[in-house]
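Structure at a glance
Next come the chains, spelled out residue by residue.
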Amino acid sequence: MQVIVEPDVSNAGEQYPSDLTDEQWALVEPLLPAPRTGPKGGRREKHPRRRTVDAIMYVVRTGCAWRQLPHDFPPWQTVYWYFVRWHDEGTVTRIHDALRDQVRRGEGRNVEPTAGLIDSQSIRTADTVPADTRGFDAGKKVKGRKRFIVTDTLGLLLTVHVMAASIQDRDGARRSLLWTRLDHPTVLKVWADQGFAGRLVDWAANTLNRIVEIVRKESGQRGFQVQPKRWAVERTFAWLTSHRRLARDYEHHTTHAETMIRWAMISVIVRRLTRGRPARRQGPRPLCRTARGGAAR
C-alpha cells in the first residue's frame, strides 16, 4: 500500500517568494497584538500567525482574490478576518510606523522627519469598487481612484489617503497635509509638483503654518525627467505598483485600500531592514562576444 505523506505547513517558511524570511518575521512578530490563549480571552487561535501574515503578503504581492488563496494557507475567510481586524484596531499602522522608525534610525536620521514630499497617483478600479468612491481624472484620462501620499525624503510613507479620481490635487492634498501636520508636527516643509500650485500653498501657510514648495519643470523640458527633491516620492509609487494588488484598486472601502498600501510598504521596509541597505538596481550588462563574433551565452 502506498502511503502519501502530506507536507507539514504549520510553520512553513518561504514557500512563496512573498513569504517572510525568519529575519523578517522576527521584526514583525513582536509588533502584533498578543494572541488569545485562555478561555477568558476568547477561542484559541487555530492557525499560526506567520502563515496568516504570509497569506496577506501573498495577496498584496500577487494580486489574487481572497478566495483564490492557495490551500496551504489558512482559509481565506480567516485571513480576511485578520486583515479587517488588524485594520480596525490600527495594528497595521502601528507595525508600519515602528518599522519606518527603525529604517530612519538606521540611516542616522531623527525618528520624526522635518521635511516631506507629496504626490498623487490616479489608478483604475475594478467593478467591485462602489461608484460613489470613484471618478474620472480628466488630466490623466483615468476612471477610478486617486492616491495621495506624503513621504519623508527617504521615500518612506508618512500619510496615505485614497479618494475618487475626480478630486483635484489641490483639494485632495488638504486632508493629507492636515494629517501630516497632526501626526508629524516636525514636518515644516513639503515639496510638491505643479499640480499642487495655487491656493493650496496659501492654505498650508495660513492654516497649517507649513511651507509647500512647488518644484517646477525646466523650461523646454520634454518627456520624463527626474526632478530634484521630488524623485523620492516617485520612487515610492514605483515600489507600490510593483505589488500587483495595487496595480488596480479592488477594495470596496477606501480605508482598506489605504491598508493595502501600508502592507506593501511593510513588505518593502522589512526587506530593506534585513538587507541592511537600500536595494540597488542591476547595472547594464555588456554583451560578450566570442572570437567568431557570435554572442556568448
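Every chain is numbered independently, its residues counted from 1 as its sequence is written. Given that this is a predicted model, residues contribute local features only at a pLDDT of at least 70 and side-chain atom pairs are listed and counted only at 80 or more, while totals for whole chains, interfaces and linings are drawn from all residues. Heavy atoms throughout the structure, all of them, feed into the side-chain values; hydrogens and water do not.

1. Quick notes on the pattern of salt bridges
Spelled out, the test is: In what follows, salt bridge is the name for a side-chain nitrogen of Lys or Arg lying within 4 Å of a carboxyl oxygen of Asp or Glu. Helix numbering and strand numbering both begin at the N terminus, where a helix is a DSSP run of H or I of at least 4 residues and a strand a DSSP run of E of at least 2. The buried label applies to any residue whose accessible area, calculated with a 1.4 Å probe on protein chains only, is under 20% of its type's maximum; exposed applies above 50%, and partly exposed to all values in between.
Applying the stated criterion across every chain, the model contains 18 salt bridges. Put simply, Asp97 and Arg100 hold a salt bridge, and the shortest N to O gap is 3.2 Å. On the criterion of helical spacing, the pair formed by Asp97 and Arg100 is a turn pair, its members being three residues apart in helix α4 (residues 91-106). Classification of Asp97 by relative accessible area gives partly exposed; the value is 25%. Across the salt bridge formed by Lys189 and Glu213, the nearest N and O atoms sit 2.6 Å from each other. Of this pair, Lys189 sits in strand β5 (residues 189-192) while Glu213 sits in strand β6 (residues 211-214); the two residues are 24 residues apart in sequence, bridging distant segments of the chain.

2. Notes on helix α7 (residues 231-241)
Put simply, the rule reads: Directions pointing from the helix axis toward each C-beta atom define the arc. Only heavy atoms matter for contacts: two residues are in contact if any of them lie within 4.5 Å across the pair.
Taken residue by residue, α7 has Ala232, Val233, Thr236, Phe237 and Leu240 as its buried positions. Looking straight down α7, one finds that the buried residues subtend no more than 150 degrees of arc, so they occupy a single side. Each element contacted by the buried residues of α7 is listed here: β1 (115-124), β3 (142-151) and α8 (254-275).

3. Digging into the packing of helix α5 (residues 169-183) against helix α6 (residues 199-208)
Heads up, the rule is: Between N-to-C directions, angles cover 0 to 180 degrees, with each direction set by a line fitted to C-alpha atoms, over the stretch in contact for helices. Working definition: roughly parallel below 35 degrees, roughly antiparallel above 145 degrees, roughly perpendicular at 65 to 115 degrees, and oblique for all remaining angles. Crossing handedness is defined as follows: a turn of the near helix away from the far one that is anticlockwise and smaller than a right angle gives a left-handed crossing, while the clockwise case is right-handed.
In the contact formed by α5 and α6, the axes pass within 10 Å of each other and the chain directions differ by 25 degrees. When the axes of α5 and α6 are compared, the pair comes out roughly parallel. The two elements α5 and α6 meet at a crossing, and its hand is right-handed. Contacts between α5 and α6 involve Arg170, Asp171, Ala173, Arg174, Leu177, Leu178 and Arg181 from the former and Arg199, Leu200, Trp203 and Leu208 from the latter.

4. Considering the packing of aromatic side chains
Rule in force here: Centre distance within 6.5 Å is the pairing criterion for rings of Phe, Tyr and Trp, where only the six-membered ring of Trp is used; planes under 30 degrees apart are then read as stacked, over 60 as edge-to-face, and the remainder as tilted.
Tallying each qualifying case throughout the model produces nine aromatic pairs. Relative to Tyr82, the ring of Trp81 has its centre 5.0 Å away and its plane inclined at 90 degrees; by these criteria the two rings are edge-to-face. The partly exposed category is assigned to Trp81, whose relative accessible area is 43%. Taking the relative accessible area as the measure of exposure, Tyr82 reaches 9% and is therefore buried. Among the aromatic residues, those joined into a cluster by ring pairs are Trp81, Tyr82, Trp86 and Trp263.

5. Quick look at the side chain of Asp19
To be explicit about the condition: We define a polar contact as two N or O atoms separated by no more than 3.5 Å, with the added condition that, inside protein, one atom must be a possible hydrogen donor and the other a possible acceptor, whereas residues neighbouring each other in sequence contribute only through side-chain atom pairs.
Of note, Asp19 is situated in the segment before α1 (22-28). Separated by 3.4 Å, the side chains of Asp19 and Arg51 make a polar contact.

6. Focus on unusual backbone geometry
The phi torsion at Lys141 lies on the positive side, around 60 degrees, for a residue other than glycine. Along the chain, the position of Lys141 falls in the loop between β2 (135-137) and β3. Exposure remark for Lys141: the relative accessible area of 54% places this residue in the exposed category. Of note, Asn209 is a non-glycine position whose phi angle comes to about 55 degrees, a positive value. Topologically, Asn209 is positioned in the loop between α6 and β6.

7. Describing the nonpolar core
Side chains of a nonpolar character, in soluble globular proteins, are inclined to be buried together. As a reminder, the rule being used: Here the nonpolar core consists of buried residues drawn from Ala, Val, Leu, Ile, Met, Phe, Trp, Tyr and Cys, with membership extended through side-chain atoms lying within 4.5 Å.
Membership of the largest hydrophobic core comes to 48 residues, with the highest contact counts inside it found for Val53, Leu69, Trp86, Trp263 and Ile266. For this core, the secondary structure elements donating two or more residues are α1, α2 (49-62), α3 (76-88), α4, β1, β4 (157-164), α7 and α8. With nine residues, α8 is the single largest residue contributor to this core. Look past the residues within four positions of Trp263 in its chain and what remains in contact with it is Val53, Ile56, Met57, Val60, Phe83, Trp86 and Val92. Membership of the second largest hydrophobic core comes to 18 residues, among which are Val150, Val187, Leu200 and Leu208.

8. A look at the packing of α3 against α8
Rule in force here: Residue polarity follows a fixed list, in which Ala, Val, Leu, Ile, Met, Phe, Trp, Tyr, Cys and Pro are nonpolar, Asp, Glu, Lys and Arg are charged, and the others, Gly among them, are polar.
Interaxial distance between α3 and α8 falls to 11 Å at its minimum, and their mutual angle equals 95 degrees. Considering the angle they form, α3 stands roughly perpendicular to α8. On the side of α3, the interface is formed by Tyr80, Phe83, Val84, Trp86 and His87, while α8 contributes Thr255, His256, Thr259, Met260 and Trp263. Considering only residue class, the contact of α3 with α8 consists of six nonpolar, four polar and no charged.

By themselves these figures say nothing about function.
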